[in-house]
Amino acid sequence: AQTVTQSQPEMSVQEAETVTLSCTYDTSESDYYLFWYKQPPSRQMILVIRQEAYKQQNATENRFSVNFQKAAKSFSLKISDSQLGDAAMYFCAYRRSFTSGTYKYIFGTGTRLKVLA
Amino acid sequence: DAGVTQSPTHLIKTRGQQVTLRCSPISGHKSVSWYQQVLGQGPQFIFQYYEKEERGRGNFPDRFSARQFPNYSSELNVNALLLGDSALYLCASSLANSGNTIYFGEGSWLTVV
């Protein structure tokens, strides 16, 4: 069975600084997707960034980028120029390739990010 | 366009009662998924529906059931509520049963007392 592990329950970063959130996963599949979701106090899960396992190039979305290490099964999120609005719970998630017929997302336990003014 | 909408936002039920949670997907989305998020944990997959058919089920007891209607909205039903069913129930929708990104609603907070 696939698992997702986030070993940092809480992280803090100074405004305008850079922070990296860690995520490791376990799977025997070769084709899959990885995601980072943000959950602010409003509770709505918001997609931050998505990575296809078959792509070697790390995904980037504005101030958000990932370091995807497939062999190590590691998927970290880097937030540059942190802003107060980045404060939230961040969840790492895994999903098998859609060709597998299943659509289940597997989430980690989350990392609470605090941004200090 | 409206996002995924869920109702009710909050509700309190007594052990043994039954609850129905509702979800309206983004217009044009045909796939709906349900997740349970217990406080302090990540969401856990309950069901996925596409074109009114169940396409996936998580490791939840038969007390949990769901359905999708012709307009693609969905209901999640939980019977014989237990204290452990207290959680945030999230609905997510996507265009199709494929690699499309899923979009979440704000959830329904269920408290069982």
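Everything below is about the structure printed above this text.
Residues numbered from 1 in each chain as written. Chains lettered and ligands numbered in written order. Predicted model: local features only at pLDDT ≥ 70, side-chain atom pairs only at ≥ 80, totals over all residues. Heavy atoms only, no water.

Participant: Would you explain the interface of chain B and chain A in this entry?
Facilitator: You'll often see interface size given as the accessible area lost when the parts meet. Facing 27 residues of chain B, the contacting portion of chain A comprises 18 residues. Note on chain B versus chain A: buried area summed over both sides is about 1,800 Å², and carbon and sulfur give 52% of it. Across the contact surface, chain B and chain A share 0 salt bridges. At the surface where chain B touches chain A, the tally comes to 6 residue pairs in polar contact (both at pLDDT 80 or more). (Contact = heavy atoms within 4.5 Å. Buried area = accessible area lost by both parts, 1.4 Å probe. Salt bridge = Lys/Arg side-chain N within 4 Å of Asp/Glu carboxyl O. Polar contact = N/O pair within 3.5 Å; in protein donor to acceptor, adjacent residues only side chain to side chain.)

Participant: Teacher, can you tell me more about unusual backbone geometry here?
Facilitator: Backbone phi values are negative for most residues with the exception of glycine, while trans is the configuration of most peptide bonds. Cis geometry marks the peptide bond from B:S7 to B:P8; its omega dihedral reads -10°. For B:P8, the location among the structural elements is in the loop between strand 1 (5-7) and strand 2 (10-13). Despite not being glycine, A:R43 has its phi angle at roughly 80°, a positive value. Tracing the backbone shows A:R43 in the loop between strand 5 (32-39) and strand 6 (46-52). One non-glycine residue, B:E51, lies in positive phi territory at about 50°. Positionally, B:E51 belongs in the loop between strand 5 (44-50) and strand 6 (53-57). (Helix = DSSP H or I, 4+ residues; strand = E, 2+ residues; numbered from the N terminus.)

Participant: What should I look at first to understand the pattern of salt bridges in this one?
Facilitator: Close approach of charged atoms allows side chains of opposite charge to pair. Evaluated as defined, the whole model comprises 13 salt bridges over all chains. The closest approach of N and O atoms between A:K114 and A:E10, which form a salt bridge, is 3.4 Å. Taken together, the residues A:K114 in strand 12 (residues 111-116) and A:E10 in strand 2 (residues 10-14) connect sequence positions 104 residues apart. Its salt-bridge partner being B:D62, residue B:R57 comes within 3.6 Å of it at the nearest N-O pair. For B:R57, a relative accessible area of 36% puts it in the partly exposed group. Residues joined by salt bridges that share partners form a network here, namely A:R50, A:E52 and A:K55. (Buried < 20%, exposed > 50% of the residue type's maximum accessible area, 1.4 Å probe, protein only.)

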